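# Secondary and tertiary structure notes
Residue-level listing of the chains:
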Amino acid sequence: MKWRLKDKANDRCIVSDCGEYRISKFTCGGVDLFLTYRGSSEIGTAENGNQARRIAEQHKARRAAQQ
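Below or above, wherever it landed, is the structure these notes cover. If you're wondering where the values come from, they're calculated on a predicted model, not measured in any experiment. (Residues numbered from 1 in each chain as written. Predicted model: local features only at pLDDT ≥ 70, side-chain atom pairs only at ≥ 80, totals over all residues. Heavy atoms only, no water.)

### Examining the pairing of strand β5 (residues 41–46)
It is a general feature of regular strands that their side chains alternate between the two faces of the sheet. Here five bridges tie strand β4 (residues 31–38) to β5, and the two strands are oriented antiparallel to one another. Across the sheet, the residue bridging to Arg38 is Ser41, located in β5. Between β4 and β5, which pair antiparallel one after the other, the connecting turn spans two residues, and Gly39 there sits at a positive phi close to 65°. (Pairing = 2+ DSSP bridges. Helix = DSSP H or I, 4+ residues; strand = E, 2+ residues; numbered from the N terminus.)

Below is the structure:
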């Protein structure tokens, strides 16, 4: 899956090439947290961007296997 910035003004959110998944980065107390969404549903959290991407890719693979 490829990723792109949601928009040029917001570097804290990326969207998958298919448009179904997005990853938002939040920082609280100097600690980064990456939330992964499919549509408006949160599907996982991660400590770094690579883990968040894997969550989305695994979720997409599971959905494909179920169909």
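### Focus: the pattern of salt bridges
If you walk through the whole model with that rule in mind, you get three salt bridges. A salt bridge links Glu20 to Arg63; the nearest nitrogen and oxygen atoms lie 3.5 Å apart. Highlighted residues: Glu20 in the loop between β2 (10–16) and β3 (21–28) and Arg63 in helix α1 (residues 49–66), separated in sequence by 43 residues. Residue Glu20 is classed as partly exposed on the basis of its relative accessible area, which comes to 33%. Here Asp32 makes a salt bridge to Lys25, at a shortest N to O gap of 3.8 Å. Taking relative accessible area as the criterion, Asp32 reaches 31% and is therefore assigned partly exposed. Taken together, the salt bridges that share partners define one network made up of Glu20, Arg38 and Arg63. (Salt bridge = Lys/Arg side-chain N within 4 Å of Asp/Glu carboxyl O. Buried < 20%, exposed > 50% of the residue type's maximum accessible area, 1.4 Å probe, protein only.)

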